[in-house]
Amino acid sequence: MAFFNSSTYRPFLLTGFPGLEASHPTISILFCALYLIAIVGNSAILVVIRVEESLHAPMYLFLSMLASSDLGICASTLPTLLKLFWFNAPEIEFDACLTQMFFIHVFSLMESGILLSMAFDRYVAISNPLRYTTILTNATIAKIGVGLLVRAVAVIFPGPFLIKRLKFCEANVLSHSYCLHPDIIKLSCSDHRINSIYGLIIILITFGLDSVFILLSYLNILMTVLGIASREEQFKALNTCVSHICAVLLVYVPMLGVSIIHRFGKHVPAVVHIIMGYVYLLVPPVLNPVVYCIKTREIRTRILGNLLKS
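Residues numbered from 1 in each chain as written. Predicted model: local features only at pLDDT ≥ 70, side-chain atom pairs only at ≥ 80, totals over all residues. Heavy atoms only, no water.

### Focus: unusual backbone geometry
Defined as follows: Working definition: helices are DSSP H or I runs of at least four residues, strands are E runs of at least two. Numbering for both runs from the N terminus. Burial classes follow relative accessibility: with a 1.4 Å probe on protein chains only, a residue under 20% of its type's maximum area counts as buried, one over 50% as exposed, and anything between as partly exposed.
Even without a glycine there, the phi angle at N88 is positive, about 50°. The residue N88 is located in the loop between α2 (58-87) and β2 (91-92) in this model. What makes N88 exposed here is its relative accessible area of 56%.

This is how it looks when you write it as structure tokens:
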């Protein structure tokens, strides 16, 4: 296998909406609005949880982790998107593309792990409320956060090195305005089966296992709730899970949609693939703070209170 020297390879070319290049500045207004909502919303949640001592509870500490991962995804994708849509500059250097790919996938894996941790948080809060704060102490939550970060970095770390062993020829046009592992390896003109198998294994041991454990957590929560005699208490217990269920759906439904289109939508127009790619990366950071502000009274009242004071 001939190793590729990335220092002599021409840059990759990012793609916006083919055929609509003249409208990219106009389309960028929508993206700027979405990113602004995501950045302001998640930043507001972080600030409110940091300032309000009453929100230094496990549920809100996990929420602050989720907001941080969403901000990380925004920070990873925004520069190349704006460069492409504002300045019509599609080029991105090989190593810069691998760096962006690394951070996008790390923050995405962290988000999945945090959602699993939040499911466990809800399970403990409902099934064992008296020991809730003794099980999920600040030290335990910090260890969970570090563990999720280490897991994400460890499983994504080999990716860039596996890509650098590939040979790239003429094709250099990516499918999106950011770099993703499947998108990059498709441009290789050498055997990339190892990279494909690596990507599949990563999905199975992270997103796959996380989704299974989230489902098991909610089955246990449902069994616990059904054992509560009072209908009012049942509703109250389930209501505390609504925001988290919405967050899980916001991550996994677009991911499932992208996977189905990628696998079975060979004849689907290219613009559908492009839009689904943006939905997958932008919907969770944009809507997570909206959902939590609407459904979580403590967050909503603190944010509105601070706005009224200012």
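Right, picking up where we left off after that structure.
### Describing the side chain of T15
Assignment of secondary structure puts T15 in the loop between β1 (12-13) and α1 (24-51). T15 sits in the buried class, given a relative accessible area of 13%.

### A look at the state of the cysteines
Disulfides are covalent bonds that connect the sulfur atoms of two cysteines. The cut-off we apply is this: When the sulfur atoms of two cysteines come within 2.5 Å, that pair is taken as a disulfide.
Scanning the entire structure with this criterion turns up 2 disulfides. In this model, C97 is linked to C179 through a disulfide, with the two sulfur atoms separated by 2.0 Å. Between C97 and C179 the sulfur-sulfur dihedral comes to about -120°; the bridge is accordingly left-handed. Here C97, found in helix α3 (residues 94-127), pairs with C179, found in the loop between α6 (158-164) and α7 (181-185); they are 82 residues apart in sequence, far enough to count as distant. For the pair C97 and C179, one class covers both residues: buried.

### What to know about the packing of α2 against α3
Applied cut-off: Here, axes are lines fitted to C-alpha atoms. For helices the fit covers the stretch in contact, and angles between N-to-C directions go from 0 to 180 degrees. Geometric relationships in this document are graded by angle, where less than 35 degrees denotes roughly parallel, more than 145 denotes roughly antiparallel, 65 to 115 denotes roughly perpendicular, and other angles denote oblique. Left-handed describes a crossing whose near helix is turned anticlockwise from the far helix through less than a right angle; right-handed describes the clockwise counterpart.
Contact geometry for α2 and α3: axes closest at 9 Å, N-to-C directions at 160°. Classified by the interaxial angle, the pair formed by α2 and α3 is roughly antiparallel. In this structure, α2 meets α3 at a crossing whose hand is left-handed.

### Some points on the confidence of the model for the protein chain
Do not read the predicted coordinates in detail wherever pLDDT is low. Basically, it comes down to this: A residue's pLDDT is the confidence the predictor assigns to it, expressed on a 0 to 100 scale. Residue contacts are counted whenever heavy atoms from the two residues lie within 4.5 Å of one another.
In the predicted model, the protein chain carries a mean pLDDT of 89, and the fraction of residues at 70 or more is 95%. At the level of individual helices and strands, the protein chain shows its lowest average pLDDT in helix α12 (residues 297-309), which scores 76, and its highest in helix α5 (residues 138-156), which scores 96. Within the model, the stretch residues 1-7 combines pLDDT values under 50 with 15 contacts to residues more than four positions away or in other chains.

### Side note on the pattern of salt bridges
The cut-off we apply is this: What makes a salt bridge here is a side-chain nitrogen of Lys or Arg within 4 Å of a carboxyl oxygen of Asp or Glu, nothing more.
Under the counting rule described, the total for this entry stands at 6 salt bridges. A salt bridge links R302 to E52; the shortest N-O distance between them is 3.6 Å. Taken together, the positions of R302 in helix α12 and E52 in the loop between α1 and α2 put the pair 250 residues apart, joining distant regions of the chain. Among the residues examined, R302 registers a relative accessible area of 24% and is labelled partly exposed. The partly exposed category is assigned to E52, whose relative accessible area is 23%.

### Side note on a nonpolar patch on the surface
Where we set the bar: Each patch is assembled from residues with relative accessible area greater than 30% and no salt bridge, linking like charges that lie within 9 Å and nonpolar side chains (Val, Leu, Ile, Met, Phe, Trp, Tyr) that lie within 5 Å. The protein chains shown are the only cover counted for residues, whose accessible areas, like all others here, come from Shrake-Rupley with a 1.4 Å probe.
Together, I197, L200, I201, L204, I205, L209, V212, F213, L215, L216 and L219 make up a nonpolar patch on the protein surface, roughly 1000 Å² of accessible area in all. The residue I197 is located in helix α8 (residues 193-226) in this model.

### With respect to the packing of aromatic side chains
Put simply, the test is: Stacked, edge-to-face and tilted are the three classes for Phe, Tyr and Trp ring pairs, Trp counted by its six-membered ring, which pair at centre distances within 6.5 Å; planes under 30 degrees apart are stacked, over 60 edge-to-face, the rest tilted.
The final tally for this structure, using the stated rule, is 13 aromatic pairs. Look at F94 and F168: their rings are 5.6 Å apart centre to centre, the planes differ by 70°, and that puts the pair in the edge-to-face class. Taken together, the residues F94 in helix α3 and F168 in the loop between α6 and α7 connect sequence positions 74 residues apart. Each member of the pair, F94 as well as F168, carries the same accessibility label: buried. When the centroid spacing of 5.4 Å and the interplanar angle of 80° are considered together, the rings of F102 and F103 count as edge-to-face. Of the residues examined, F103 reaches a relative accessible area of 38% and is grouped as partly exposed. An aromatic cluster of at least three residues, connected via ring pairs, comprises F17, F31, F85, Y178 and Y278.

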